[in-house]
Amino acid sequence: MKAAAQSARVVSQRGITGEIARIAAAYQGRGEVQPRLDYPPYRSSLLRHPRSPFVCVDPDEVECWAPCFGNHEVEPRDADLTAGHPGEPIGERIIVTGRLLDATGKPVAGQLVEIWQANAAGRYLHARDQHDAPLDPNFTGCASFVTDTKGRFAFETIRPGEYPWRNHYNAWRPAHIHFSVFGPAFATRLITQMYFPGDPLLPFDPIFNSVRSKTARERLIALFDWETTVPEYGLGYRFDIVLRGRDETPMENKP
Amino acid sequence: MTEQKNPESLGEAVPQVLSLTTYQTVGPYFKIGLEALYRDDLAKPNIPGQVIEISGTISDADLTPVPDAVLELWQADSFGRYMDQPQKKPFEDSFGFGRVPTNEAGRFHFRTIKPGAIQGETPARQAPHILVSIFMRGLLYRLITRIYFSDEAGNADDPVLRSIEPRRRDSLLAKANPAQPYRYEWNIFLQGENETVFFDI
């Protein structure tokens, strides 16, 4: 199988960057909303994406419902990733704030947000992450919170480190925080990653670049925010999340 | 559902449409953030209906089991109703949501109440089914599919099943185990000859 042969070949960053550039050059700016499921520079996608066209279902049927979680499910302290351990985690303390919005800019209130991330050294507290970087006994790397009546959320954490992965030779992921949001309908479910402005790894990362629209890629990068930066304490970053509507037409890109 | 036109809003400026936040893969370490809501037993003593169990394997294009996937389930109760006003009560009292990871062998398993047929807003009735979202490393956004039940006569009239070419419908049917009633097997094939039907909503 061609796909398997491709995944077995160890490529350099130069090779991956070339593949990313060729796909970018062929992209005609058609406003693809979502990343491509079939994105060969991200090697793990090769064997794990469907090839048949999706079957369209009218979303104003049952998909208009959603599992909703409320304030019952979280404690206020769940939003502070630097708390809950005997000591302070190592790393640069940051404050992340943002709003959950729909495509018309209306706040989406009362929605559960789950996040997870690596520690300052770029290591996840996970059995499968065994790379040569220390775990931090004072950092787990997860939090959950519910958006307020204005769709706002805020949490405190440490800036996650970049880390190596095995997509290709000498591959490194840009620093990021994973976000999981339900939204008001089954159709609005979203899992994404927040990146940091100025990260030199972004142009080289196949996962970030699987989103072909430049506008959509920029939406994944948090903004540095003086307003929420706390003197003598930590930098503020702003990350707004925009959900699709519950009745929106299907995603534009097909496998 | 027809589009609602509010006469008062006519003539107002068209609201600005923001670009959407796109998906990114969950990656290999989602357990850290998602484990708190892992739920493999949706059945509860106070929820009426037939308790069933569904198991299966997720396989990639090479038929290798996928040990690092997570499924989310969303379903109606045995009367075909989705949980209403869920935010009024704690999650533990509500019904219909499940989240199950695959194990090292690429297997998943969950226990639930068999959903009833859905009376949609359109006249067409939908046969009992469970909505499934699939997330994993290598998948750049979620896949959406449905579990129907092989022993439901209503499948023949289900508008969604009927919209799928007959040879592919089978991929959506959880097979009842004749030896063990109320246990079903349902396997997911991400790519290849037996590729599962996935939906765009």
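On a predicted model such as this, the values are computed, not experimentally measured, just so you know.

Novice: Give a detailed account of the overall build of chain A, specifying residues and quantitative values.
Specialist: Counting its regular elements, chain A contains four helices and twelve strands. Out of the 255 residues belonging to chain A, those deemed buried represent 57%. Long-range contacts, defined here as pairs at least 24 residues apart, represent 70% of the contacts in chain A between residues at least 6 apart. Total accessible area on chain A stands at roughly 11100 Å², and carbon and sulfur atoms take up 55% of it.

Novice: Tell me about the nonpolar core, and please be specific about residues and values.
Specialist: A general trend in soluble globular proteins is that nonpolar side chains are found buried together. In this structure, A:Phe155, A:Phe179, B:Ile58 and B:Ile134 are the most contacted members of the largest nonpolar core, which totals 72 residues. The greatest single-element share of this core, amounting to five residues, is contributed by strand β7 (residues 129-136) of chain B. Aside from chain neighbours lying at most four places away, what touches A:Phe179 is A:Val113, A:Glu114, A:Ile115, A:Phe153, A:Phe155, A:Leu190, A:Ile191, A:Thr192, A:Met194, A:Phe239 and A:Ile241. Ranked by size, the runner-up nonpolar core spans 28 residues in total, among them B:Ala127, B:Tyr148, B:Ile164 and B:Leu173.

Novice: Describe in detail the confidence of the model for chain A, supporting the description with residues and values.
Specialist: Residues and elements named next belong to chain A. Taken residue by residue, chain A gives an average pLDDT of 89. The fraction at 70 or more is 88%. In this model, residues 1-5 is a region of pLDDT below 50 whose contacts with residues beyond four sequence positions or in other chains number seven contacts. Ignoring residues within four places in sequence, the model shows residues 249-255, a span with pLDDT below 50, making 25 contacts including any to other chains.

Novice: How would you summarise the side chain of B:Arg142 if you had to cite specific residues and measurements?
Specialist: Tracing the backbone through its elements, the reader meets B:Arg142 in the loop between β7 and β8 (143-149). Polar contacts involving the side chain of B:Arg142 include one to the main-chain carbonyl oxygen of A:Ala187, which spans 3.5 Å. Leave out the neighbours within four places in its chain, and B:Arg142 touches A:Phe186, A:Ala187, A:Thr188, A:Arg189, B:Tyr23, B:Ser133, B:Ile134, B:Phe135 and B:Ile201.

Novice: Explain the pairing of strand β11 (residues 235-238) of chain A to me, using residue names and the numbers behind them.
Specialist: All names here are of chain A. Bridge count between strand β2 (residues 93-102) and β11: four bridges; the pairing is parallel. Along β11, the bridge assignment pairs Ile94 with Leu235. Here strand β10 (residues 223-224) runs beside β11; their pairing, made up of two bridges, is antiparallel. Looking across to β11, one finds that Leu223 is bridged to Arg238.

Novice: Explain the interface of chain B and chain A residue by residue, including any values.
Specialist: Opposite the 73 residues of chain B that make contact, chain A presents 84 residues. Between chain B and chain A, roughly 7100 Å² of surface is buried when both sides are summed, and carbon and sulfur atoms account for 60% of that area. For chain B, the biggest contributors to the area lost against chain A are B:Tyr141, B:Asp200 and B:Ile201; these three give 12% of the whole. Summed over the shared surface of chain B and chain A, the number is four salt bridges. Between A:Arg128 and B:Glu104 there is a salt bridge; the shortest N-O distance is 3.1 Å. For the pair chain B and chain A, the interface holds 31 residue pairs in polar contact (both at pLDDT 80 or more). Secondary structure elements with two or more residues in the side of chain B that touches chain A: α1 (31-34), β2 (69-75), β3 (97-101), β7, β8 and β12 (199-200) of chain B. For the side of chain B that touches chain A, the class distribution of residues is 40 nonpolar, 16 polar and 17 charged. In this sheet, β12(B) lies alongside strand β1 (residues 55-56) of chain A in parallel orientation, the contact comprising two bridges. Across the sheet, residue A:Cys56 finds its bridge partner in β12(B), namely B:Asp200.

Novice: Describe in detail the sheet that holds strand β8 (residues 176-181) of chain A, supporting the description with residues and values.
Specialist: Residue and element names in this part refer to chain A. The antiparallel open sheet is built from four strands, whose spatial order is β4-β3-β8-β9. Edge positions in the sheet fall to β4 (142-146) and β9 (190-195), since each has one partner strand and no second. Going across the sheet, the axis of each strand differs from the next one's by a mean of 20 degrees, ignoring polarity. Two elements, strand β3 (residues 112-117) and β8, share five bridges in a ladder whose sense is antiparallel. Paired with Glu114 across the strands is Ser180, a residue of β8.

Novice: I'd love a proper account of the packing of aromatic side chains, names of residues and values included.
Specialist: Summed over all chains, the structure comprises 17 aromatic pairs over all chains. On the numbers, 6.2 Å between centres and 70 degrees between planes, the contact of B:Phe108 with B:Trp186 is edge-to-face. You can see B:Phe108 sitting in strand β4 (residues 107-113) and its partner B:Trp186 sitting in the loop between β10 (183-185) and β11 (188-189), a full 78 residues away along the chain. Each member of the pair, B:Phe108 as well as B:Trp186, is classed as buried. Three or more aromatic residues joined by ring pairs make a cluster, and in this case those are A:Phe145, A:Phe153, A:Phe155, A:Phe179 and A:Phe239.

Novice: Quick one: what's the story with the pairing of β7(B), residue by residue and with numbers?
Specialist: Residues and elements named next belong to chain B. Counting buried residues along β7, eight of its eight residues qualify, which places the element largely inside the surrounding structure. Going residue by residue along β7, you find His129, Leu131, Ser133 and Phe135 tucked away on one face and Ile130, Val132, Ile134 and Met136 tucked away on the opposite face as well. With seven bridges joining them, β2 and β7 adopt antiparallel strand pairing. Note that in β7 the partner of Gln75 across the bridge is Ile130. Where β7 hands over to β8, the hairpin turn is made up of six residues, of which Gly138 adopts a positive phi near 90 degrees.

Novice: Describe empty space enclosed by the protein, and please don't skip the residues or the numbers.
Specialist: The rolling of a water-molecule-sized probe over the atoms marks out the regions of remaining empty space. Enumeration over the complete set of coordinates arrives at four cavities of 30 Å³ or more. Volume-wise, the largest cavity comes out at about 120 Å³. In this structure, the largest cavity is lined by 15 residues; those nearest its centre are A:Gln34, A:Ala187, A:Arg189, A:Arg244 and B:Tyr23. The residue makeup of the lining of the largest cavity, split by class, is nine nonpolar, three polar and three charged. As a volume, the second largest cavity reaches approximately 70 Å³. The element that contributes the greatest number of residues to the lining of the second largest cavity is β2(B), accounting for three residues. Among the residues making up the lining of the second largest cavity, the classes are represented as eight nonpolar, one polar and three charged.

Cut-offs applied
- Residues numbered from 1 in each chain as written.
- Chains lettered and ligands numbered in written order.
- Predicted model: local features only at pLDDT ≥ 70, side-chain atom pairs only at ≥ 80, totals over all residues.
- Heavy atoms only, no water.
- Helix = DSSP H or I, 4+ residues; strand = E, 2+ residues; numbered from the N terminus.
- Buried < 20%, exposed > 50% of the residue type's maximum accessible area, 1.4 Å probe, protein only.
- Contact = heavy atoms within 4.5 Å.
- Areas by Shrake-Rupley, 256 points an atom, 1.4 Å probe, with all protein chains shown as cover.
- Core = buried A, V, L, I, M, F, W, Y, C linked by side-chain atoms within 4.5 Å.
- pLDDT = per-residue confidence, 0-100.
- Polar contact = N/O pair within 3.5 Å; in protein donor to acceptor, adjacent residues only side chain to side chain.
- Pairing = 2+ DSSP bridges.
- Buried area = accessible area lost by both parts, 1.4 Å probe.
- Salt bridge = Lys/Arg side-chain N within 4 Å of Asp/Glu carboxyl O.
- Nonpolar A, V, L, I, M, F, W, Y, C, P; charged D, E, K, R; others polar.
- Axes fitted to C-alpha atoms, helices over the stretch in contact; angles between N-to-C directions.
- Phe/Tyr/Trp six-rings, centres within 6.5 Å; stacked < 30°, edge-to-face > 60°.
- 1 Å grid on protein atoms, 1.4 Å probe; cavity = no way out; pocket = protein on both sides within 12 Å on 5 of 7 lines; lining within 4 Å.
- Points joined across faces, edges and corners; volume = space filled by probe spheres on them.

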